[in-house]
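As a plain string of letters, each chain reads:
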Amino acid sequence: MLGTEIFTVNRLAKVDSLFNVGWAFPNAYEVGMTSLGFQLVWWLLEQDAEIQVKRIFTDCQETGWTDSELVGFTLSWELDYVNVIRLLKQLGIPASSKDRQAGSPLVFGGGPALSANPEPFADFFDVVLLGDAEAIVPAFIETWKRVRHLSDRRLQLIELSKIDGIYVPSLYRYKLTGDGKAIDSIEPAEDNVPTRLTRRVFTPPPDYVAHSLMLAPDTTWGDMFLVEVARSCPQECRFCLASYLSRPFRAARVETIMEKIDIGLKHTKKIGLLGPSVTEHPQFDQLAHELLRRPQTEISIASVRADSLNPLILEMLHKLGHKTVTIAIESGSERLRTIMKKNLTEEQIEHAVDLIEKSGMSGLKFYGIVGLPGESAEDLEETVRLLLKLKKAHKRLRFVFGCSSFVPKAQTPFQWSGRDRQSAAKLEYLRKHVCKAGIAMRPESHNWSDVQALLSRGDRRLAPMLLSVAEGKGNLGAWRAALRNRPEGCPDEDFYVFRNIPYDETLPWSHLVDEPKAAMLVRHSETAEKLSIGKPDG
């Protein structure tokens, strides 16, 4: 628990500090300490000699947080917002920003789920940070030092809003269309507030790579040293938030990665390589060679690209602890993989499975998605056909098929596409057919995926519902009750979750996307539409 961690970096000795910052993870200590993003921001704050950082979790807090001028949250998963609201209440901070007085801490937040579309949570945050933490967190802290003595809280927020990457939701207002449902425009409430925001992008120096700053050996996963091998993904599958939110793709130097891994190996043998597409690092073979020279290491990788696998990589994974490999095929249909820009052929998938069996692995897990834009019944049949074909050719391998249903994510090309109402039936169709062949299927809850889509494409009119769910049990029953009793003026679930949004409609997050990126997303979406009806791109 708190106070028992092993630090892998040298901390500053601090005596006199300007102010305290409470840095919170909206879950238990055991969960929060496995988050590299949480640790990274903690370290960015901790390195500042003028501030004291106090960590906060739902089940424990470091002493001294009550004197914090700033309280921040990282939100990497939409459904964690329930714990944000509950933790604010537990800390004695009003959940709504409009109810916070001059003496209340300023509440800020970041993380992919929040920064992609902060609008459903806009009422709960004074400030949302947009972009790479290494770029935006120091800029935010330096600006706060400059404005913290201003007597008026609104003046503080206006000054903060002038900095690229700092979004102050309360300084923007909606103008609705004539029917009162869609957003016509999002306008600044003050003359000197920017109309469109710019995300901060971090260009890492050669000697930099994000890695674990502390280990928590008395937790389940806390003794694993994490290293971010690459940020973003060069493939840019059209449904993938990680690809589009954190562009451009950046790969760390192998020498730097190994320097950090060697630091970690002084404290633990467990090393986790992080990134949306780790094996697409342009020098991953070199990295594999270096890791094989450290046979005491236990390596963990979440998933790999099928077309990036080779005997060397599989040898490294097998010798350093992997008994199974996970690859994301998304669909067995080559047509649908082309629509989503998966850039993966059936031949490449088959070759990867051949290599996996020859390497001595005992199991293989596939990831899939149903309900993707353009999907037909034939595409589902193709998924069954491919999985059964692979299982027949590789009977020794234990196959697991993890499958979710498509959730449209803000700031991706598929953001305009609604969820498939037939997702539950499609998941059941796949389960019924693949299980007969001895393939274990692990479907995700389509009901919770509906809730994720509501939050992913929602706006600030959802705030009363979110409060109601957080104050209740936070389960699906609470969500159903909140949707039935939604406040006047709040559109229904169909509006947010299932409908296809016209290109000319203002999205709740439109003011957070620069014009070149907005145009690029439209082009990708239009290309997918052409491919889905059999028209060639262009």
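This text goes with the structure placed above it.
Note that the structure is a prediction, hence the values are computed from the model and not measured. Residue positions are given per chain, counted from 1 along the sequence in the order it is written. Given that this is a predicted model, residues contribute local features only at a pLDDT of at least 70 and side-chain atom pairs are listed and counted only at 80 or more, while totals for whole chains, interfaces and linings are drawn from all residues. Excluding hydrogens and water, the side-chain values take into account all heavy atoms of the structure.

Novice: Any chance you could explain the packing of helix 13 (residues 377-393) against helix 14 (residues 423-435) here in plain terms?
Specialist: Packed helix pairs are characterised by how far apart their axes lie and by the angle those axes make with each other. Taken N-terminus to C-terminus, the directions of helix 13 and helix 14 make an angle of 25 degrees; their axes are 10 Å apart at the nearest point. The angle between the axes of helix 13 and helix 14 places the two elements in the roughly parallel class. Relative to helix 14, helix 13 is oriented so that their crossing is right-handed. On helix 14, the residues that touch L380, E381, T383, V384, L387 and L388 of helix 13 are K426, Y429, L430, H433 and V434. In terms of residue class, the contact of helix 13 with helix 14 is made up of 7 nonpolar, 2 polar and 2 charged. To obtain each axis, a line is fitted to C-alpha atoms, and for helices this fit is confined to the stretch in contact; angles are then taken between N-to-C directions over 0 to 180 degrees. A helix here means a DSSP run of H or I that spans at least four residues, while a strand means a run of E at least two residues long, and both kinds are numbered starting from the N terminus. The scheme is simple: roughly parallel for angles under 35 degrees, roughly antiparallel for over 145, roughly perpendicular for 65 to 115, oblique for anything else. By convention, the crossing between two helices is left-handed when the near helix turns anticlockwise from the far helix through less than a right angle, and right-handed when the turn is clockwise. Whether two residues touch is decided by their heavy atoms; if any such pair falls within 4.5 Å, the residues are in contact. Classification convention: Asp, Glu, Lys, Arg as charged; Ala, Val, Leu, Ile, Met, Phe, Trp, Tyr, Cys, Pro as nonpolar; all other residues, Gly among them, as polar.

Novice: I keep staring at the layout of surface pockets and nothing clicks. Help me out?
Specialist: Rolled over the atoms, a probe with the dimensions of a water molecule shows which regions are left empty. In the cavity and pocket records, a cavity denotes points on a 1 Å grid over the protein atoms alone where a 1.4 Å probe fits but cannot get out, a pocket denotes an open set with protein on both sides within 12 Å along at least 5 of 7 lines, and lining residues are residues with an atom within 4 Å of a point. Grid points are joined across faces, edges and corners, and a volume is the space filled by probe spheres set on the points. Here the second largest pocket is characterised by a volume of approximately 320 Å³. P373, G374, S417, G418 and N500 are the residues nearest the centre of the second largest pocket, which is lined by 20 residues in total. Each residue belonging to the lining of the second largest pocket can be placed in one class, and the counts come to 8 nonpolar, 7 polar and 5 charged.

Novice: I keep staring at the environment of K98 and nothing clicks. Help me out?
Specialist: Looking at where K98 falls in the secondary structure, it is placed in the loop between helix 3 (81-90) and strand 5 (106-110). Spatially, the C-alpha atom of K98 lies 47 Å from that of S376, the residues being 278 residues apart in sequence. Here a polar contact means two N or O atoms within 3.5 Å. Within protein one must be a hydrogen donor candidate and the other an acceptor candidate, and residues neighboring in sequence count only if both atoms are side-chain atoms. For K98, the side chain forms a polar contact with the side chain of S96, separated by 3.2 Å.

Novice: How should the pattern of salt bridges be read in this particular structure?
Specialist: A pair is scored as a salt bridge if a Lys or Arg side-chain nitrogen falls within 4 Å of a carboxyl oxygen belonging to Asp or Glu. Scanning the entire structure with this criterion turns up 43 salt bridges. Taking the shortest distance from any N to any O, the salt bridge between R55 and E5 comes out at 2.9 Å. Of the two residues, R55 is situated in strand 3 (residues 51-56) and E5 in the segment before strand 1 (6-7); the sequence distance between them amounts to 50 residues. A residue is classified by how much of its surface remains accessible, and R55, at 2% relative accessible area, is buried. Here R146 ties to E159 by a salt bridge, and the two come within 3.7 Å at their closest N and O atoms. Placement of the pair is R146 in helix 5 (residues 133-147) and E159 in helix 6 (residues 153-161), with a sequence separation of 13 residues. Three or more residues joined by partner-sharing salt bridges are found here, namely D132, E134, E228, R231 and R250. Residue burial is assigned from relative accessible area. The probe radius is 1.4 Å, only protein chains are included, and a residue is buried under 20% of its type maximum, exposed over 50%, and partly exposed in between.

Novice: How should the packing of helix 16 (residues 463-471) against helix 17 (residues 476-484) be read in this particular structure?
Specialist: Running from N to C, helix 16 and helix 17 cross one another at 145 degrees; their axes reach a closest spacing of 9 Å. The handedness of the crossing between helix 16 and helix 17 is right-handed. Where helix 16 approaches helix 17, its residues M465, L466, S468 and V469 are matched on the opposing element by A478, W479, A482 and L483. Of the residues that constitute the contact of helix 16 with helix 17, the class distribution is 7 nonpolar, 1 polar and no charged.

Novice: Teacher, can you tell me more about the environment of R337 here?
Specialist: Within the fold, R337 resides in helix 11 (residues 334-339). Classification of R337 by relative accessible area gives buried; the value is 1%. In sequence terms R337 and C237 are 100 residues apart; their C-alpha atoms lie 8.9 Å from each other. If sequence neighbours within four positions are ignored, R337 has contacts with I329, S331, G332, K342, N343, L344, T345, E346, I349 and L386.

Novice: Which parts of the structure should I look at to understand empty space enclosed by the protein?
Specialist: Inspection of the entire model under this criterion finds 4 cavities of 30 Å³ or more. Space inside the largest cavity adds up to approximately 130 Å³. When residues of the lining of the largest cavity are traced back to their parent elements, those giving at least two are strand 12 (230-231) and strand 13 (250-251). Taken as a whole, the second largest cavity encloses approximately 90 Å³ of empty space. Lining the second largest cavity we find 14 residues, and of these R457, F495, R499, E505 and P508 sit closest to its centre. Looking at side-chain class alone, the lining of the second largest cavity contains 7 nonpolar, 1 polar and 6 charged residues.

Novice: Would you mind going over the sheet that holds strand 17 (residues 363-370) with me for this structure?
Specialist: Strand order in the open sheet made by the 4 strands is 16-17-18-19, with parallel pairing throughout. The sheet is open, and its two borders are formed by strand 16 (324-330) and strand 19 (440-443), each paired with just one other strand. Between one strand axis and the next, the sheet turns by 20 degrees as a mean value, whatever way the strands run. Strand pairing follows a simple DSSP-based rule, namely that at least 2 bridges must link the two strands. Pairing analysis gives 6 bridges linking strand 16 to strand 17, with the strands arranged parallel. Directly across from T326, in strand 17, lies its bridge partner K365.

Novice: Help me understand the side chain of Q235 in this model?
Specialist: Looking at the element boundaries, Q235 is found in the loop between strand 12 and helix 7 (241-245). On the basis of relative accessibility, which here comes to 13%, the residue Q235 falls in the buried class. Side chain to side chain, Q235 and E280 meet in a polar contact 2.5 Å long.

Novice: Whenever I open this one, helix 5 confuses me. Can you help?
Specialist: Turn by turn, an α-helix covers 3.6 residues, leaving residues three or four places apart pointing in a common direction. Working rule for helices: expected span equals 1.5 Å times residues minus one. Compared with an ideal rise of 1.5 Å per residue, which puts 15 residues at 21 Å, helix 5 spans 21 Å between its outermost C-alpha atoms and is within 8% of the ideal. Of all 15 residues in helix 5, 12 are buried, a share of seventy percent or more. Buried residues of helix 5: A133, E134, A135, I136, V137, A139, F140, I141, T143, W144, K145 and V147, and no others.

Novice: I keep staring at the sheet that holds strand 11 (residues 225-228) and nothing clicks. Help me out?
Specialist: Paired through backbone hydrogen bonds, the strands of a sheet run either parallel or antiparallel to each other. Read from one edge of the open sheet, 3 strands run 11-14-15, paired in parallel fashion. Of all the strands in the sheet, just strand 11 and strand 15 (298-301) have a single pairing partner and so form its edges. Averaged over neighbouring strand pairs, the angle between their axes works out to 25 degrees when direction is ignored. Here 4 bridges tie strand 14 (residues 270-274) to strand 15, and the two strands are oriented parallel to one another. Looking at the pairing, I271 lines up with I299 of strand 15.

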